[in-house]
Amino acid sequence: MAVKDRDRFSTATRLRLLGEQTAARVYRSQTRRQARRSRLTGRAALLALVLCSLIVALAYPIRQYVSQRAEIAEMERQRQEARNRVEQLRDLKARWQDDAYAKQQIRQRLHYVMPGETGYIVVDPDPARQSRVNRTTSTRPWYAGVWDGVDRSDASEQ
């Protein structure tokens, strides 16, 4: 044992132990570096490239699919509106088949009166005032109104 203890304190033994410790540290740091490097292998890079290619290749068809689905939904909405309009027109046609409804509409819209009745039309004073306002603007020539419209549209763009 004495030889081992003496050997433990010798310079050669200390240098050998120091070299082994240093080698162990270097080996550990190299394995850490290799572990870090090994996270992105060639296979992972190839997989990432394939995924990116698929995303780029599928982006346009997916966009087209989404836009076509939106168009289909819009057309379905228009079709439903058209069906509702057809139903309204069928109801209106059925109402016009009724003589009482037709007589009421004729009297209301065309101001017809039955024999023996007296028809009166009440003139609303508000439209008469509006027509006076329109008369003052009609004293100007027509092309002045056109130029005013062009000036106003030109001023709104700036």
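Above this text is the structure in question.
Description of the structure in this document. No experiment lies behind these values; they were computed from the predicted model shown.

**A short note on the overall build of the protein chain**
Moving on, step 1. Tallying secondary structure elements over the protein chain gives six helices and zero strands in all.
Moving on, step 2. Seen in sequence order, the protein chain has helices and strands lined up from the N terminus as α-α-α-α-α-α.
Moving on, step 3. Element-wise, carbon and sulfur atoms account for 58% of the exposed surface of the protein chain, whose accessible area totals about 15100 Å².

**What to know about helix 4 (residues 99-110)**
Moving on, step 1. Taking 1.5 Å as the rise per residue, helix 4 with twelve residues should run 16 Å; its terminal C-alpha atoms sit 16 Å apart, in good agreement.
Moving on, step 2. Within helix 4, the full set of buried residues consists of Tyr101, Ala102 and Gln105. Buried residues in helix 4, looked at end-on, bunch into an arc of 95°, giving them a common side. For helix 4, the exposed residues set more than 90 degrees away from the buried face come down to Asp99 and Ala100.
Moving on, step 3. Just downstream of helix 4, His111 is the residue with a positive phi angle, here 60°.

**Side note on a nonpolar patch on the surface**
Moving on, step 1. On the surface, Leu46, Leu47, Leu49, Val50, Leu51, Leu54, Leu58, Ile62, Tyr65 and Val66 cluster together into a nonpolar patch covering about 980 Å² of accessible area.
Moving on, step 2. Note that Ile62 resides in helix 3 (residues 42-97).

**Quick look at the pattern of salt bridges**
Moving on, step 1. Across all of its chains, the model carries six salt bridges by this definition.
Moving on, step 2. With its nearest N and O atoms 2.2 Å apart, the salt bridge here joins Arg77 to Glu74. Of the two residues, Arg77 and Glu74 both sit in helix 3, three residues apart, roughly one turn of that helix.
Moving on, step 3. Note on Arg77: relative accessible area 39%, which makes it partly exposed.
Moving on, step 4. Arg77 serves as the salt-bridge partner of Glu81, at 2.3 Å between the closest nitrogen and oxygen. Of the two residues, Glu81 and Arg77 are both situated in helix 3; the distance of four residues between them amounts to about one turn of the helix.
Moving on, step 5. On the basis of relative accessible area, Glu81 is assigned to the partly exposed category, the value being 44%.
Moving on, step 6. Each of Glu74, Arg77 and Glu81 takes part in a single network of salt bridges with overlapping partners.

**A few points about the packing of helix 3 against helix 4**
Moving on, step 1. Interhelical geometry of helix 3 versus helix 4 gives an angle of 90° and a closest axis separation of 5 Å. Judged by the inter-axis angle, helix 3 sits roughly perpendicular to helix 4. Contacts between helix 3 and helix 4 involve Leu92, Arg95, Trp96 and Gln97 on the former and, on the latter, Asp99, Tyr101, Ala102, Gln105 and Arg109.
Moving on, step 2. Each residue belonging to the contact of helix 3 with helix 4 can be placed in one class, and the counts come to four nonpolar, two polar and three charged.

Cut-off values and rules
- Residues numbered from 1 in each chain as written.
- Predicted model: local features only at pLDDT ≥ 70, side-chain atom pairs only at ≥ 80, totals over all residues.
- Heavy atoms only, no water.
- Helix = DSSP H or I, 4+ residues; strand = E, 2+ residues; numbered from the N terminus.
- Areas by Shrake-Rupley, 256 points an atom, 1.4 Å probe, with all protein chains shown as cover.
- Expected span 1.5 Å × (residues − 1).
- Buried < 20%, exposed > 50% of the residue type's maximum accessible area, 1.4 Å probe, protein only.
- Arc of directions from axis to C-beta.
- Patch = residues over 30% accessible without salt bridge, like charges linked within 9 Å, V, L, I, M, F, W, Y side chains within 5 Å.
- Salt bridge = Lys/Arg side-chain N within 4 Å of Asp/Glu carboxyl O.
- Axes fitted to C-alpha atoms, helices over the stretch in contact; angles between N-to-C directions.
- Parallel < 35°, antiparallel > 145°, perpendicular 65-115°, else oblique.
- Contact = heavy atoms within 4.5 Å.
- Nonpolar A, V, L, I, M, F, W, Y, C, P; charged D, E, K, R; others polar.

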